[in-house]
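# Secondary and tertiary structure notes
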Amino acid sequence: MLIITLSNRLIGDYGVETDFYVAYVTQAKEFLKGNLIIDQFRGPVYQIFLAVTGFFFKYDFYLAGKFLNVLCASISLFFISKLINSIFNREGALITVLFVSVNQVFWRYTYEPGTDMLFLVFYTSSVFFLLKEDNLNYKNLLFAGIFTGLAYLTRYTGISLILFALLIIFSKFHNKNITENISKRNILLKPLVYYLIPVIIFVSGWGLICYKITGHFIYNENYKNTAFTFYKPDTMSKDEWVSKNQDSFKSMSDVVFNDFGTFTKKLGKNFITYFTKDAFRFFPKYIGILLGIGLILFILKWKSENISAKYFLLGSFIFYLQILLIFYSERFSIPLLPFYCFLIVNVFSLEFFEKFNLKLSNLKLFGLILFSLIFLNFYNSYLNAKEDINK
């Protein structure tokens with residue numbers, strides 16, 4: 001992928017994230033001059049990483065952005081492997097990582113510069129440290145807090161990690177055997193402190209900078225994207241709607257209660273359609289259907305699934321609910337890709353199918369089927385990447 005990324009698409013005129021040249025490169029250049037630009041839709045972490053990488057690439061920010069993406073994609077695969085291994089097993093982790101690594105959306109947003117891969121690193125690493133052990137390991141919680149803070153300051157959708165982490169901590173605390181000699185308050189307070197301190201440092205530090213420059217501690221106007229997603233008529237262009245309506249919304253509450261009926265109806269529609277779009281944009285048709293089957297079987301076999309897998313579903317569900325508030329783009333769902341691939345692989349591990357899992361020499365039938373699906377996914381990704389690069 002590094003060879004493909006650095007040797008093709010030398011002119012960054014196709015498929016580059018909309019904001020790359022308009023915002024990220026400009027802000028990265030300003031950062032190297034000692035200026036930190038406040039963006040109303042995102043934090044500063046990606047721009048800082050791009051600035052540092054761009055410095056080593058002699059200010060070729062397009063090349064730096066592509067290299068940064070490939071590096072982050074590689075690191076994210078490492079954390080995905082560790083995460084699935086802690087939930088499933090080594091064999092399942094290997095197959096899941098192969099599914100992710102050959103996925104067409106993963107490929108595309110690896111060779112297109114943008115925030116996607118850096119955010120994926122922080123998101124998956126945070127989830128990994130939260131689920132790494134069954135007990136409340138303070139060191140793991142500290143790392144989870146650090147990566148949560150970095151994820152939030154890369155994309156504000158990282159806020160879902162905070163809710164997920166709090167639910168995990170309270171759940172593990174509830175399941176923990178508490179001795180009579182230790183107060184319940186201390187047992188709960190300590191893991192919360194380890195997780196929340198780095199999050200608070202990152203978030204409040206950025207908030208103070210925003211307040212000093214803009215007068216707002218929380219400077220986040222993503223509610224405008226939500227308003228656009230929920231209220232723009234299909235017959236009206238984006239530019240026309242923005243010029244006429246966007247400034248009439250001043251907060252998320254304005255968006256929600258502007259027309260609560262329309263808002264809830266649209267939210268319910270997104271709940272169904274976004275998953276369907278994910279299934280068939282991330283995967284070829286038959287693998288997308290298998291994803292749906294995998295989700296249904298996971299829910300039906302809920303009681304027999306291990307607790308970490310259930311937590312994994314919970315975290316993915318919380319993130320999924322959050323992206324329902326913004327217009328659909330498959331790149332926003334990339335953090336869900338490891339869970340989607342886990343569901344597909346998990347189908348073939350259910351006890352129900354064991355009697356059908358014939359062994360051919362030293363290879364099991366379902367193993368052959370999975371590797372065939374991986375090859376199909378790889379071939380489909382290759383064709384799509386070839387078409388994109390040649391445009």
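Our structure's up above, just so we're on the same page.
A brief report on the enclosed structure follows. (Residues numbered from 1 in each chain as written. Predicted model: local features only at pLDDT ≥ 70, side-chain atom pairs only at ≥ 80, totals over all residues. Heavy atoms only, no water.)

In this section: the packing of helix 4 (residues 61-87) against helix 6 (residues 104-111). Two numbers describe how helix 4 lies on helix 6: the axes approach to 7 Å, and their chain directions differ by 140°. The angle between helix 4 and helix 6 falls in the class oblique. Only Phe106, Tyr109, Thr110 and Tyr111 of helix 6 make contact with helix 4, whose side of the interface consists of Lys66, Asn69, Val70, Ala73, Ser76 and Leu77. (Axes fitted to C-alpha atoms, helices over the stretch in contact; angles between N-to-C directions. Helix = DSSP H or I, 4+ residues; strand = E, 2+ residues; numbered from the N terminus. Parallel < 35°, antiparallel > 145°, perpendicular 65-115°, else oblique. Contact = heavy atoms within 4.5 Å.)

The next point concerns the packing of aromatic side chains. Tallied over the full model, the rule gives 43 aromatic pairs. Aromatic side chains Phe78 and Phe79 sit 5.4 Å apart centroid to centroid with 75° between the ring planes, which places their arrangement in the edge-to-face category. The exposure class assigned to Phe79 is buried, which follows from its relative accessible area of 12%. For the pair Phe275 and Tyr340, a centre-to-centre distance of 5.9 Å together with 80° between the ring planes defines the contact as edge-to-face. Residue Phe275 is located in helix 14 (residues 260-282), and its partner Tyr340 is located in helix 17 (residues 337-347); the two are separated by 65 residues in the primary sequence. The rings of Phe49, Phe78, Phe79, Phe122, Phe128, Phe129, Phe143 and Phe147 are connected pair by pair, giving a single aromatic cluster. (Phe/Tyr/Trp six-rings, centres within 6.5 Å; stacked < 30°, edge-to-face > 60°. Buried < 20%, exposed > 50% of the residue type's maximum accessible area, 1.4 Å probe, protein only.)

Right, let's get into helix 6. Given 3.6 residues per helical turn, the α-helix brings residues three or four places apart onto the same face. By the criterion of burial, helix 6 is predominantly enclosed, with seven of the eight residues buried. Residues of helix 6 that are buried: Gln104, Val105, Phe106, Trp107, Tyr109, Thr110 and Tyr111. With a side-chain oxygen positioned 2.9 Å from the backbone nitrogen of Val105, the residue opening helix 6 is Asn103. (Polar contact = N/O pair within 3.5 Å; in protein donor to acceptor, adjacent residues only side chain to side chain.)

Okay, the side chain of Thr226 next. Looking at the secondary structure, you find Thr226 in helix 11 (residues 223-231). On the accessibility criterion, Thr226 (1% relative accessible area) is buried. With residues near it in sequence (within four places) discarded, Thr226 still touches Met252, Val255, Phe263, Leu325 and Ile326.

Scanning the model with the defined rule gives nine salt bridges in all. Where Lys33 meets Glu30, a salt bridge forms, and the shortest distance between an N and an O atom there is 3.8 Å. On the accessibility criterion, Glu30 (23% relative accessible area) is partly exposed. Its salt-bridge partner being Arg42, residue Asp39 comes within 2.8 Å of it at the nearest N-O pair. What emerges from the salt-bridge pattern is a single network uniting Asp19, Asp39 and Arg42. (Salt bridge = Lys/Arg side-chain N within 4 Å of Asp/Glu carboxyl O.)

On the surface, Lys82, Arg90, Lys132 and Lys139 cluster together into a positively charged patch. Along the chain, the position of Lys132 falls in the loop between helix 7 (116-131) and helix 8 (138-152). On the basis of relative accessibility, which here comes to 37%, the residue Lys132 falls in the partly exposed class. (Patch = residues over 30% accessible without salt bridge, like charges linked within 9 Å, V, L, I, M, F, W, Y side chains within 5 Å. Areas by Shrake-Rupley, 256 points an atom, 1.4 Å probe, with all protein chains shown as cover. Lys, Arg positive; Asp, Glu negative; His and termini not counted. Charge placed at Lys NZ, Arg CZ, Asp CG, Glu CD.)

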